[in-house]
Amino acid sequence: MTVKTRFAPSPTGYLHVGGARTALFSWLHARKHGGKFVLRIEDTDLERSTQASINAILEGMTWLGLVYDEGPFYQTHRFDRYDEVIDDLLARGLAYRCNCTKERIETLREEQMQRKEKPRYDGHCRGGAVTAGEPHVIRFRNPPDGSVMVDDLVRGRVVFSNDELDDLIIRRTDGSPTYNLTVVVDDLDMGINIVIRGDDHLNNTPRQINILMALGAEPPHYAHVPMILGDDGSRLSKRHGAVSVMEYRNQGILPEALLNYLVRLGWSHGDQEIFSLDEMVELFDISNVNKAASAFNNEKLLWLNQHYIKQDDPARIARLLSPHMGELGIDPASGPDLVAVVAAQQERARTLVEMAAISAFFYQDYDDFEPAAAKKNLKAAAREPLEHLRSALAGIPEWEPEGLHQLVKDVAMQLDLKLGKVAQPLRVAVVGRAASPGIDVTLHLVGREACLRRIDRALEYIQERTQES
RNA sequence: GCUCCCUUCGUCUAGUGGUUAGGACACUGGCCUCUCACGCCGGUAACAGGGGUUCGAAUCCCCUAGGGAGCGCCA
């Protein structure tokens, strides 16, 4: 039997990292076993589902490269099928109409709570007296005794007693089906043989198994993966920073870095930290997934992102960096080759946003000197080296890194200064800050004209500064 | 309240009766060095607590504590 997994988000928000990891695990499991991965949109809640959320989920899946083999299927397109199943259950006495008022249920709840019992429906309408003509919901007739065993691939065996379960609503008064019914029917119809989902669904599983049995179907395998918490161990939310997958793209995270980070959350393979997609597919095993929730650590994500930025082809990084340069109002075509800039900055940025920020000076004059850098490097003692450098740079015939490197060294030697005493003022003059790639590469990419202009500006700055004091 | 689940460095994790409890991120000392970064070498830091079982327990059992989920005409 070929393995078939699914990811079934409800479109009531963006694709967040928890959902993305569940999707990743499902996708990996399918790929590893040469199976199929299905995307299903659980949009039966007409109130909260939005097209914007659907688009956001699809966009997130695409960005991550979690390609689905079937779907997206929409539950709202399948209402006829759910009706068929519900009617069948009703006809066979496995479901019944209920016209209990919300008030009655509420009172029942309160009484049960007072008696320190678990609140649940008491089966008041089980007798079948409610007619089709009056407003009603349909409830599933849960087995009154016995127990349900869930043989979970990550949790192990979990047993639920049927008397803990009540007769859940499977069709609302307005005629629409509810989650526990649709999920069961869909997984059955779509041939899903392993359900990988968040562990907030573990408690629903026995109910779903009971419905499945009423339909005469064999339950699929289940794997309930733990949830992802925020940095501080509390439930992940917006205040922890990005939760939406697309937000990570905006922050300059590479999809392979996010994927690598997510796969290591709750799963590991010995001491290995870096996994290519192929390695994940080969090594991932759903039954090795941890049971405990894990906290999302942005620092480690950043480390992985830097790793992938360092390792990737500069041309690809340049392509991905370009829009982030645009965000800063820079057209990369207006200056040095962006691929060369990436090659120079590749080891210096944890995100593409960072890389754009530290690369702006290649394309436009900086606004102001970074105060601390200017204070330390652009003082009176820097005037002479800068003047020497300026005239040497103005006269150098070839504007290439090798010659430029030699030039800076020569000036230092002539003035009997350590290289740092010459290169560092030059760096601050040219880039406005104390950090940049090697001085030779930096000069080369900035270009002669801009270098001379900026050195003049630094000399003026030193002039003003020495006059003041 | 009831049911179910979880618990190794700050964080992610390795570990399946005998280990100086390993790795990674972060933090930190040093090296490299024109800056930053990269890289390299080193350091701090954990078995939630208590009982058992056993010659021996992070590993098996029980209890306690803490955390989480569910108990919707949400999914």
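The rules behind each value
Residues numbered from 1 in each chain as written. Chains lettered and ligands numbered in written order. Predicted model: local features only at pLDDT ≥ 70, side-chain atom pairs only at ≥ 80, totals over all residues. Heavy atoms only, no water. Pairing = 2+ DSSP bridges. Helix = DSSP H or I, 4+ residues; strand = E, 2+ residues; numbered from the N terminus. Axes fitted to C-alpha atoms, helices over the stretch in contact; angles between N-to-C directions. Buried < 20%, exposed > 50% of the residue type's maximum accessible area, 1.4 Å probe, protein only. Arc of directions from axis to C-beta. Phe/Tyr/Trp six-rings, centres within 6.5 Å; stacked < 30°, edge-to-face > 60°. Lys NZ or Arg CZ within 6 Å of the ring centre and 35° of its normal. Polar contact = N/O pair within 3.5 Å; in protein donor to acceptor, adjacent residues only side chain to side chain. Contact = heavy atoms within 4.5 Å. Domains from an automatic or database assignment. Buried area = accessible area lost by both parts, 1.4 Å probe. Nonpolar A, V, L, I, M, F, W, Y, C, P; charged D, E, K, R; others polar. Right-handed = clockwise from strand over helix to strand, strands pointing away. Near = heavy atom within 4 Å.

Would you take a moment to explain the sheet that holds strand β1 (residues 4–7) for this structure?
The strands making up a sheet associate through backbone hydrogen bonding, with each pair oriented either parallel or antiparallel. Pairing within the open sheet is parallel, and its 3 strands lie in the order β1-β2-β3. Across the chains shown, the open sheet's two edge strands, defined by having one partner strand only, are β1 and β3 (70–74). Adjacent strand axes in the sheet meet at a mean angle of 25°, parallel and antiparallel pairs treated alike. Pairing of β1 with strand β2 (residues 36–41) involves 4 bridges; the strand directions are parallel. When the bridges of β2 are listed, lysine 4 appears paired with lysine 36.

How should helix α12 (residues 338–345) be read in this particular structure?
Residues separated by three or four positions in an α-helix point in the same direction, a consequence of the helix having 3.6 residues per turn. For α12, the complete set of buried residues consists of Leu338, Val341, Val342, Ala344 and Gln345. Along α12, the residues classed as buried sweep out an arc of 160° about the axis, all on the same side.

How do you make sense of the packing of aromatic side chains when you look at a structure like this?
Each aromatic ring pair is summarised here by two numbers: the centre-to-centre distance and the angle between the ring planes. The tally for this structure, following the rule as stated, stands at 9 aromatic pairs. Centre to centre, the rings of tyrosine 366 and phenylalanine 369 are 5.3 Å apart; their planes meet at 50°, and the pair counts as tilted. Overall, the relative accessible area of 11% leaves phenylalanine 369 in the buried class. Here a set of aromatic residues connected by ring pairs shows up, and it is made of Phe25, Trp267, Phe275 and Phe284. Lying over the aromatic face of phenylalanine 369, arginine 457 brings its terminal NZ or CZ to 5.4 Å of the ring centre.

Could you clarify how one ought to interpret the side chain of threonine 5 in this entry?
With respect to the secondary-structure elements, threonine 5 resides in strand β1. When its relative accessible area of 0% is taken as the criterion, threonine 5 is described as buried. At 3.0 Å, the side chain of threonine 5 and the backbone oxygen of serine 26 are in polar contact. If sequence neighbours within four positions are ignored, threonine 5 has contacts with Ser26, Trp27, His29, Ala30, Lys36, Phe37, Val38, Ile192, Ile194 and Ile196.

Explanation requested: the domain arrangement of chain A in the structure shown.
For interface size, the figure often reported is the accessible area lost on association. Taken domain by domain, chain A consists of domain 1 (4–76 + 228–298), domain 2 (78–225), domain 3 (312–358) and domain 4 (371–468). The distance between the C-alpha centroids of domain 3 and domain 4 comes to 24 Å. Contacts between the two partners involve 8 residues from domain 3 and, on the opposite side, 6 residues from domain 4. Around 460 Å² of area is buried between domain 3 and domain 4 when both sides are counted, 67% of it from carbon and sulfur atoms. Considering only the side of domain 3, the residues that lose the most area to domain 4 are Pro336, Ala344 and Arg348, jointly responsible for 56% of the buried surface there. When residues of the side of domain 3 that touches domain 4 are traced back to their parent elements, those giving at least two are α12 and α13 (352–359). Looking at the side of domain 3 that touches domain 4 element by element, the count peaks at 4 residues for α12. Partitioning the side of domain 3 that touches domain 4 into residue classes produces 6 nonpolar, 1 polar and 1 charged.

Looking at this model, I keep getting lost on the pairing of β3. Mind explaining?
Every regular strand shows the same layout, with side chains that alternate between the two sheet faces. Sheet analysis places β2 next to β3, joined by 3 bridges and oriented parallel. Residue arginine 40 lies in a different strand from β3, and its bridge partner there is phenylalanine 73. Regarding the hand of the β-α-β motif, the stretch spanning β2, helix α2 (residues 51–64) and β3 is right-handed.

Explain the protein's contact with RNA strand B here, please?
The full set close to RNA strand B counts 59 residues, and Arg155, Arg172, Gly266, Glu347 and Arg348 are the nearest of them. Restricting the count to atoms of RNA strand B within 4 Å of the protein gives a sugar and phosphate share of 69%. Within the backbone of alanine 295, one N or O atom sits 2.8 Å away from a phosphate oxygen of RNA strand B. Measuring from a sugar or linking oxygen of RNA strand B, one finds a backbone N or O atom of alanine 434 at 2.6 Å. Counting only elements with at least two residues in the surface near RNA strand B, the list comes to α4 (102–114), β7 (156–161), β12 (294–295), α10 (298–311) and α17 (419–431). Taken together, the residues of the surface near RNA strand B sort by class into 19 nonpolar, 17 polar and 23 charged.

Help me out: how do you make sense of helix α6 (residues 205–214) in this one?
Burial analysis of α6 places 9 of its 10 residues in the buried class, the great majority of the element. Residue glycine 216 follows α6 closely and has a positive phi angle near 70°.

Where do I start with the environment of valine 137 in this structure?
Looking at where valine 137 falls in the secondary structure, it is placed in strand β5 (residues 137–140). On the accessibility criterion, valine 137 (13% relative accessible area) is buried. With 119 residues separating them along the chain, valine 137 and glycine 18 place their C-alpha atoms 33 Å apart. If we skip the residues at most four places from it in the chain, valine 137 touches Tyr96, Arg97, Cys98, Ile169, Arg171, Arg172 and Thr173.

Explain the side chain of asparagine 260 here, please?
Along the chain, asparagine 260 turns up in helix α8 (residues 255–263). Relative accessible area serves as the criterion here: at 0%, asparagine 260 is assigned to the buried category. Polar contacts involving the side chain of asparagine 260 include one to the main-chain amide nitrogen of phenylalanine 275, which spans 2.9 Å. If near-sequence neighbours (up to four positions away) are discounted, asparagine 260 is found in contact with Glu273, Ile274, Phe275, Met280, Leu304 and Tyr308.

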